[in-house]
Every structure is written in C-alpha cells, then in structure tokens.
Amino acid sequence: MAVVLVVEDDPFISELTELTVQDWGYQTLAANDAEAALEILRSPQHIDLLFTDIYLKTSVSGGFALAREAIKLRPQLRVLYTTGNFITDAMRALFLDEAECIRKPYTPRQLQTSFEHMLAHS
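Since the model is a prediction, treat every value here as computed from it, not as a measurement.

A look at the nonpolar core
Soluble, globular proteins show a tendency: their nonpolar side chains are buried together. Judged by nonpolar contacts, the single largest core of 24 residues is most densely connected at Leu5, Val7, Leu41, Ile47, Leu50, Leu66 and Tyr81. Going through the elements one at a time, β1 (3–7), β2 (27–31), α2 (34–42), α3 (62–73) and β4 (78–83) are the ones with two or more residues in this core. Other than its neighbours up to four places away in sequence, Leu50 contacts Leu5, Val7, Leu66, Ala67, Ala70, Leu77, Arg78, Val79 and Leu80. By size, the runner-up hydrophobic cluster in this structure holds 14 residues, among which are Phe51, Leu80, Met118 and Leu119.

Here we look at the packing of aromatic side chains
Considering all chains together, one arrives at eight aromatic pairs under this definition. Centre to centre, the rings of Phe51 and Tyr106 are 6.2 Å apart; their planes meet at 65°, and the pair counts as edge-to-face. Taken as a pair, Phe51 in strand β3 (residues 49–53) and Tyr106 in the loop between β5 (100–103) and α5 (108–120) lie far apart in primary sequence, 55 residues in all. Considering the side-chain rings of Tyr81 and Phe95, the 4.9 Å spacing of their centres and the 35° angle between planes classify their relative orientation as tilted. Taken together, the residues span a long stretch of sequence, with Tyr81 in strand β4 and Phe95 in the loop between α4 (89–92) and β5 at a distance of 14 residues. For Phe95, a relative accessible area of 13% translates into the label buried. These aromatic residues form a ring-pair network of at least three members: Trp24, Tyr26, Phe51, Tyr106 and Phe115.

Rules used throughout
Residues numbered from 1 in each chain as written. Predicted model: local features only at pLDDT ≥ 70, side-chain atom pairs only at ≥ 80, totals over all residues. Heavy atoms only, no water. Core = buried A, V, L, I, M, F, W, Y, C linked by side-chain atoms within 4.5 Å. Buried < 20%, exposed > 50% of the residue type's maximum accessible area, 1.4 Å probe, protein only. Helix = DSSP H or I, 4+ residues; strand = E, 2+ residues; numbered from the N terminus. Contact = heavy atoms within 4.5 Å. Phe/Tyr/Trp six-rings, centres within 6.5 Å; stacked < 30°, edge-to-face > 60°.

So, in structure tokens, the structure goes:
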C-alpha cells in the first residue's frame, strides 16, 4: 500500500483529498503547512509520494521549498504539486526534476491518474 503525504492548508480540500485517496487504497498522512510536513518527513514513517499545494499560507514558495527539503531528507520521494493558479514557465522552472503538477480544480479521476503515474515511476 503506497503512502501519500498530503500537504494542504485548506482543511476542506485536505479532508476531501485524504478521504478520496484512502478510497483508492492508499494510506494518507496530512499536514496543513510545510513545518508539519517536515516533521512527518523527518520521522521513520515510510512515504512514497508528497502531494503538496504550491502556495501554502506560511509562504508564497511554501510547496517549492517543502519539496526541496523533502528530497534532501528522502531522495527517492516522488513529488506532485497542485495549485489553483495558472502554471507559468517561471513556476515550472522551480519544479524538481521528475515532479509534476495538477491544476485545481481537478476531478478525482484526474488526481487518481496523476497518483498512479507518479507512483508507477517510483
């Protein structure tokens, strides 16, 4: 069973995402900001995929900074970003190698396809 760390500062979106992902058979961990996510990432808990919003309330580059730190801690970790904003070339330049992004609003099927794709390449 793959383990997904969901990092989302909107409680409604976080809970909905967790429940949806659990319905697909994945185990979920949740954090509402980068600091809480890093605590989880520093633990011995196995994690396969980091699913993080790019814009977290703690900072404009919250998701990007989190992903960089997460990869330092866990080099094999897969990263899937999400945002409700338009994805610019400048933003894409900040993506980690092999990271992907899914734009909000996404359907459950689009999210599931993204998860399957990311986890198939881990």
